[in-house]
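Residues per chain are reported as follows:
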Amino acid sequence: LKWFQRNLWNTLEARWISQPDSVYRAENKFLQLKIAQQIGFTIPATLISTNVREIHKFYDDYNGQVIIKPIYNNRFEFKTGSQLIYTTKISKTELEKLQESIPLPNIYQNYVEKKLEIRVTVVNDRVFSASVDSQQGETTKVDWRRERLPFTSYNLPQTIQKKCVDIVKSLNLSFGAIDLIETPEGGYVFLEINPNGQWAWIEMDTGLPISDSIIDFLEN
C-alpha cells in the first residue's frame, strides 16, 4: 500500500505543500541535525549509538544531563492504537539496564536548559513563531507535549528566522514545523523539524494567520 501511494503521488499533477518524497526524506533526524549545523544553528551535543560503552561515556561527559529520544517517529503504532514516545531524561538506573542487552539505536543528547520552547511554522518564505513556557511545571520541563499548554506569539530574531527558512528549503520543503529552545542566556538551539507538523492549535492560541498563508501558497 505504501509503495502504491508513493507511485500514485509521483504521477499526480497537483500542487503540493511539499512533495511527498521530500517529506519522507526530511523525516530523517540524522539529516536534519547535519543540515541544521551546516546552516549555522546551534544543536545539542549528540550521540547516535547502540554501543553501551559509548553511551555511558557520553552520559558521564555531560554529568548525567542527557535525554533520549527515538531516531524516527515519536509515535509508535500498535494493533490496539498508538502511543506517543516523549523525550525523556535518562537516569543512571535506566542507563545500567542497557548493559543487560544491546540497546536499540536511539538519539542521545545533552540536556539543554530552557527559558522557553519555540515552535516555528514556516510556509514557503513566511515564518510564524510561537512560544510555550514549558518550565512552569515539572511534568513539561523536558517535553512540553506531556500537557496541553497555551502558546503565545513570539518575536523571533531575523537571523534565526532566516535559518528556519533555509533549513526548510535545504530539505526541499515548502512547509516545516521547527522546534527550538531559547536558553536562559538568550541563545537559540535547534532540536528538530517536522516536515508535516500540526499547526492548527498554534493558530487558535495565537491568531497567527498560518492557514491563510497555506491557502495563498496553494492558490498561487
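This write-up is about the structure you can find in this document. (Residues numbered from 1 in each chain as written. Predicted model: local features only at pLDDT ≥ 70, side-chain atom pairs only at ≥ 80, totals over all residues. Heavy atoms only, no water.)

Taken in spatial order, the five strands make up an open sheet running β9-β8-β7-β10-β11, and their pairing is antiparallel. Taken across any chain shown, the strands that pair with only one partner, and hence form the sheet edges, are β9 (152-153) and β11 (188-194). Helix α8 (residues 210-219) rests against β7 (116-123), β8 (126-132) and β10 (175-182) of the sheet, and its axis sits at about 25° to β7. (Pairing = 2+ DSSP bridges. Helix = DSSP H or I, 4+ residues; strand = E, 2+ residues; numbered from the N terminus. Contact = heavy atoms within 4.5 Å. Axes fitted to C-alpha atoms, helices over the stretch in contact; angles between N-to-C directions.)

Counting residues in each nonpolar core, the largest one holds 27 residues, and the members touching the most others are Val120, Leu156, Cys164, Ile167, Ile178, Leu180 and Phe190. Going through the elements one at a time, α2 (20-26), α3 (29-39), β7, α6 (158-170), β10 and β11 are the ones with two or more residues in this core. With five residues, the single largest contributor to this core is α6. In contact with isoleucine 178, other than residues within four places in its own chain, are Ile118, Arg119, Val120, Val122, Cys164, Ile167, Val168, Phe190, Glu192 and Ile193. Listed in part, the 14 residues of the second largest apolar core include Phe128, Trp144, Leu208 and Phe217. (Core = buried A, V, L, I, M, F, W, Y, C linked by side-chain atoms within 4.5 Å. Buried < 20%, exposed > 50% of the residue type's maximum accessible area, 1.4 Å probe, protein only.)

Once that is clear, we can look at the sheet that holds strand β5 (residues 88-89). Overall, antiparallel pairing links the four strands, which are arranged β1-β6-β2-β5 in an open sheet. Edge positions in the sheet fall to β1 (46-49) and β5, since each has one partner strand and no second. As judged from the two bridges shared by strand β2 (residues 66-70) and β5, these two strands associate in the antiparallel manner. Residue pairing for β5: isoleucine 67 is matched across the bridge by lysine 89. The sheet contacts of α3 involve β1, β2 and β6 (106-110), and relative to β6 the element is tilted by about 35°. Across the face of the sheet, helix α4 (residues 52-61) comes into contact with β1, β2 and β6 while running at roughly 165° to β1.

Positive phi outside glycine occurs at asparagine 124, with the angle close to 60°. Tracing the backbone through its elements, the reader meets asparagine 124 in the loop between β7 and β8. The class of asparagine 124 is partly exposed, set by a relative accessible area of 28%. With a phi close to 60°, asparagine 172 is a non-glycine residue in the positive phi region. In this structure, asparagine 172 sits in the loop between α6 and β10.

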